[in-house]
Amino acid sequence: MFLKQYKEAADDARRSIALQPTFARAYARLGQALHFSKDYEGAIAIYEEALTNVEASECEIFNTYTAEATKELEKQQLSTTSNLVKALSFRNFLKTSKKIK
């Protein structure tokens, strides 16, 4: 993942999970690959899946990862909403300015 080849890292992690569904590191790598690809919803889903499949002693880190991905998802959603509001405001401004002429 240091090479930013997130799709390849995600594919490798998925193969690892298919071979060994209780391998915590594979879930962590897949979640991180999705997280760094800005697929926060996908990362959260993987971390939650890990919580049901890995040893209880390894679950704490997935709670941390889930919280981090959730925070990023909320930022992403806020940014999207903010951009939409700006676009709609600009569109309304253009409509108003055409009426004034």
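All figures in this text were calculated on a predicted structure; none of them were measured in a lab.

**Q** How would you sum up the side chain of His35? Please name residues and give values.
**A** Position of His35 among the secondary structure elements: in helix α2 (residues 24-36). When its relative accessible area of 15% is taken as the criterion, His35 is described as buried. Sequence-distant contacts of His35, that is, excluding residues within four places in its chain, are made with Tyr40, Ala43, Tyr47, Glu68, Ala69 and Glu72.

**Q** How would you summarise the packing of aromatic side chains if you had to cite specific residues and measurements?
**A** Given two aromatic rings, one states the distance between the centres and the angle between the planes to describe the pair. What the rule picks out here adds up to four aromatic pairs. Taking 6.2 Å as the distance between ring centres and 45° as the angle between the ring planes, the aromatic pair formed by Tyr47 and Phe62 counts as tilted. A residue pair is termed long-range when its members are at least 10 positions apart, and Tyr47 in helix α3 (residues 40-53) and Phe62 in helix α4 (residues 60-100) qualify at 15 residues. Each member of the pair, Tyr47 together with Phe62, is buried. Centroid distance Tyr47 to Tyr65: 5.2 Å. Interplanar angle 40°. Geometry classified as tilted. Note that Tyr47 is positioned in helix α3 and Tyr65 in helix α4, a separation of 18 residues in sequence. The same class applies to Tyr47 as to Tyr65, namely buried.

Parameters and conventions
Residues numbered from 1 in each chain as written. Predicted model: local features only at pLDDT ≥ 70, side-chain atom pairs only at ≥ 80, totals over all residues. Heavy atoms only, no water. Helix = DSSP H or I, 4+ residues; strand = E, 2+ residues; numbered from the N terminus. Buried < 20%, exposed > 50% of the residue type's maximum accessible area, 1.4 Å probe, protein only. Contact = heavy atoms within 4.5 Å. Phe/Tyr/Trp six-rings, centres within 6.5 Å; stacked < 30°, edge-to-face > 60°.

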